[in-house]
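Next come the chains, spelled out residue by residue.
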Amino acid sequence: MVMEAIKAMSAEEITELCLRHTLYDWSAQAGLKPLPVTTAKGVHFQTADGRRFIDFNSQLMGVNAGHGDRRIIEAIKRQAEQLPYISPFMAHEPRARLGKKLAELLPGDIDKVFFTLGGTDANENAIKMARAVTGRPKILARYRSYHGSTGTAVQATGDPRRWPNEHSGGVVHVLDPYHGIQRGEDTAEVALTHLEEVIRLEGPETIAAFILEPVTGTNGVLIPPDGYLQGVRELCDRFGILLICDEVMTGFGRTGRWFAVDHWNVVPDLITLAKGLTSSYVPLGAVGMRKHVAAYFDDHVFYGGLTYNSHPLGCAAALGTIQAYEEDDMVGNSRRLGEILKRHHRRLMERHPCVGAARNIGLFGALELVRDRKTMEPLGPFNGTSPEMKAVQQALLEGGMYTFSRWNVIMTIPPLCITEAELDEGFEILDSALEVGDRAIGA
Ligand SMILES: Cc1ncc(COP(=O)(O)O)c(C=O)c1O
């Protein structure tokens, strides 16, 4: 019996049981073929049937320190031996240390955090706090955005993942500066004029907060024009609207700074974190708040709570993760290798007619594939896919690369510990796979 229990499963058994008894995210389940992963180290992972992949997406854009980092693993193990769980009404050392450390790293006067389990509930709580502090009901968000999968977080999500989840109101969406590869991008001035008009039409005194990803993630690594974020800050200040920056994906070095807002010296009133906070080794999210927000809760009840708020294993993992980032200067690595990634992007654009646009900030990159460089018609439609995009995705997998691809976009988001040689390895695979895209469009 015992021998049976520890016998490793075959690749087929793992996949078959996972599909039979567990539900996968954002998918109709029939036809799914999840990879049966057994081990991972650095920027690579292996499957039970002996395949090896380079991870060009840091899984779900969260394993920033890379796989199998001993400092994070040991921190979790030590905490598991010492105190794996205690109620959120208690105080404990990892919570104390992590709160202090985040207050040092976070911008401006953000010096208090509320810990959650991930990004969705960080955004739920940030929105709840903004409504409590301002006494206003509405939330502004952008269309090309993702803020989570439940309640108000999915309501705030602007992209089509919202459509089947719309059961209540309270969120107003505004246009992004970016309008897709064919229409391109507004200047900061035009985007801010639109935003101000919406604020005035909605009634500023009804709007609690504007939530946005400072650099948009799953909707295609959209980097705002310079001046946009500063302008948003100014509009929020002018109308008494709180600014919530969702740094669930961009936080912890992804863009080459600790936080994306640091590129523009903007301090949001609330900032939400997850993913890179623990390098995704265990679930943990956080809402950081400025002093004026935190002060509100000094004498008003915070009507929120989670059994796993400040979970000791999560806090310990985050401390181990931040130690790894600091010891290896991974934020600097993201900045430096981001320049090399940009060169690789440029080369792919030169070599492959199917690449219509390439952009990155640090190690946060994306390619947009097109049918034709003149019309810039996307290779996969908005909220859909195409046989050509599927062929490129298949070629990537067969070449040994795992990355995230959605609509006409292919992400280039490797762990921040990646070396130049490993970047070369990944871009060679991309180079070959894009030939499939070129052939598909007859180039
Ligand atoms: C910007 C952003 N916000 C929120 C979330 C939701 O985080 P989680 O999946 O940890 O709930 C995500 C997840 O991809 C995200 O990218």
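Before going into details, it helps to say that this report is about the structure given with it. In this text, all values refer to a predicted model and were calculated from it rather than measured experimentally.

Basis of the calculations
- Residues numbered from 1 in each chain as written.
- Predicted model: local features only at pLDDT ≥ 70, side-chain atom pairs only at ≥ 80, totals over all residues.
- Heavy atoms only, no water.
- Phe/Tyr/Trp six-rings, centres within 6.5 Å; stacked < 30°, edge-to-face > 60°.
- Helix = DSSP H or I, 4+ residues; strand = E, 2+ residues; numbered from the N terminus.
- Buried < 20%, exposed > 50% of the residue type's maximum accessible area, 1.4 Å probe, protein only.
- Lys NZ or Arg CZ within 6 Å of the ring centre and 35° of its normal.
- Near = heavy atom within 4 Å.
- Polar contact = N/O pair within 3.5 Å; in protein donor to acceptor, adjacent residues only side chain to side chain.
- Areas by Shrake-Rupley, 256 points an atom, 1.4 Å probe, with all protein chains shown as cover.
- Nonpolar A, V, L, I, M, F, W, Y, C, P; charged D, E, K, R; others polar.
- Pairing = 2+ DSSP bridges.
- Axes fitted to C-alpha atoms, helices over the stretch in contact; angles between N-to-C directions.
- Contact = heavy atoms within 4.5 Å.
- Salt bridge = Lys/Arg side-chain N within 4 Å of Asp/Glu carboxyl O.
- Parallel < 35°, antiparallel > 145°, perpendicular 65-115°, else oblique.
- Left-handed = near helix turned anticlockwise from the far one by under 90°.
- Expected span 1.5 Å × (residues − 1).

**Side note on the packing of aromatic side chains**
For step 1, the next point in the chain: Scanning the model with the defined rule gives 13 aromatic pairs in all.
For step 2, the next point in the chain: Seen in terms of ring centroids, Y85 and Y308 are 6.0 Å apart; in terms of plane orientation they differ by 80°. Their pairing is edge-to-face. With a gap of 223 residues between them, Y85 in the loop between α4 (70-82) and α5 (93-105) and Y308 in the loop between α10 (291-296) and α11 (312-327) connect regions that are remote in the sequence.
For step 3, the next point in the chain: We classify Y308 as partly exposed; its relative accessible area is 42%.
For step 4, the next point in the chain: Positioned over the ring face of W26 is R161, at 5.7 Å from the centre of the ring.
For step 5, the next point in the chain: In this structure, R161 packs its charged tip against the face of Y146, placed 3.9 Å from the ring centre.

**Regarding the site of the ligand**
For step 1, the next point in the chain: Around the ligand lies a shell formed by G118, G119, T120, N123, Y146, H147, G148, E213, D246, V248, M249 and K275.
For step 2, the next point in the chain: Here T120 contributes a side-chain N or O atom positioned 2.6 Å from an oxygen atom of the ligand.
For step 3, the next point in the chain: Backbone polar atom of Y146 to a nitrogen atom of the ligand: 3.4 Å apart, as the coordinates give it.
For step 4, the next point in the chain: The fraction of the free accessible surface of the ligand (390 Å²) that becomes covered by protein chains is 81%.
For step 5, the next point in the chain: At three residues, helix α6 (residues 119-134) tops the list of elements feeding residues into the shell around the ligand.
For step 6, the next point in the chain: For the shell around the ligand, the residue count by class is three nonpolar, six polar and three charged.

**Quick word on the sheet that holds strand β4 (residues 110-116)**
For step 1, the next point in the chain: Across the sheet, seven strands lie side by side as β4-β10-β9-β8-β7-β5-β6; this open sheet has mixed pairing. Two strands close off the open sheet at either side, each with one partner strand: β4 and β6 (171-174). Between one strand axis and the next, the sheet turns through 20° on average, direction left out of account.
For step 2, the next point in the chain: Two strands pair when backbone bridges link them, and strand β8 (residues 242-246) and strand β9 (residues 270-273) are joined in this way by three bridges, in the parallel orientation. What sits directly across from D246, in β9, is T272.
For step 3, the next point in the chain: Contacting β5 (138-142), β6 and β7 (207-212), helix α8 (residues 188-202) crosses the sheet at an angle of about 155° to β6.

**Comments concerning the pattern of salt bridges**
For step 1, the next point in the chain: For the structure on display, the rule yields 29 salt bridges.
For step 2, the next point in the chain: Notably, a salt bridge pairs R71 with D328, separated by 2.8 Å at the nearest N-O pair. Of this pair, R71 sits in helix α4 while D328 sits in the loop between α11 and α12 (330-351), and the two are 257 residues apart along the sequence.
For step 3, the next point in the chain: Across the pair K138 and E202 runs a salt bridge, and its minimum N-O distance is 2.7 Å. Of this pair, K138 sits in strand β5 while E202 sits in helix α8; the two residues are 64 residues apart in sequence, bridging distant segments of the chain.
For step 4, the next point in the chain: Each of D109, R233, D237, D269 and R290 takes part in one network of salt bridges that share partners.

**Topic: the pairing of strand β15 (residues 409-412)**
For step 1, the next point in the chain: Here β15 shows no split at all, with V409 and M411 on one side and I410 and T412 on the other all buried.
For step 2, the next point in the chain: With two bridges connecting them, strand β14 (residues 405-406) and β15 associate as antiparallel partners. Within β15, the residue paired with R406 across the bridge is V409.
For step 3, the next point in the chain: Where β14 folds back on β15, the antiparallel hairpin that results is connected by two residues, among which W407 adopts a positive phi of roughly 55°.

**Description of the side chain of D269**
For step 1, the next point in the chain: With respect to the element layout, D269 can be found in the loop between β8 and β9.
For step 2, the next point in the chain: Of the residues examined, D269 reaches a relative accessible area of 3% and is grouped as buried.
For step 3, the next point in the chain: Polar contacts involving the side chain of D269 include one to the main-chain amide nitrogen of L243, which spans 2.8 Å.
For step 4, the next point in the chain: Filtering out sequence-adjacent residues up to four positions away, D269 remains in contact with R233, I241, L242, L243, G288, M289, R290, H292 and V293.

**Some points on the packing of α12 against helix α14 (residues 420-440)**
For step 1, the next point in the chain: In contact at an axis separation of 10 Å, α12 and α14 are set at 20° when each is read in the N-to-C sense. Looking at the two axes, α12 sits roughly parallel to α14. In this structure, α12 meets α14 at a crossing whose hand is right-handed. Two secondary-structure elements touch here, α12 through L337, I340, L341, H344, H345, R347, L348 and R351 and α14 through E420, L423, D424, F427, L430, D431, L434, E435 and D438.
For step 2, the next point in the chain: The class makeup of the residues in the contact of α12 with α14 is eight nonpolar, two polar and seven charged.

**Structural notes on α6**
For step 1, the next point in the chain: Between its first and last C-alpha atoms α6 spans 22 Å; for 16 residues at 1.5 Å apiece the expected length is 22 Å, and the two agree.
For step 2, the next point in the chain: Where α6 is concerned, the buried positions are G119, T120, D121, A122, N123, E124, N125, A126, I127, M129 and A130.
For step 3, the next point in the chain: Just downstream of α6 lies G135, where phi reads positive at about 70°.

**Details of the sheet that holds β14**
For step 1, the next point in the chain: The four strands are arranged β11-β12-β15-β14 in an open sheet whose pairing can be described as antiparallel. Bordering the open sheet on either side are β11 (355-360) and β14, each of which pairs with just one other strand.
For step 2, the next point in the chain: Relative to strand β12 (residues 365-369), β11 runs antiparallel, the two being bridged by five bridges. Across the sheet, residue A357 finds its bridge partner in β12, namely E368.
For step 3, the next point in the chain: Its contacts with the sheet place α12 against β11, β12 and β15, and it is angled at close to 175° to β11.

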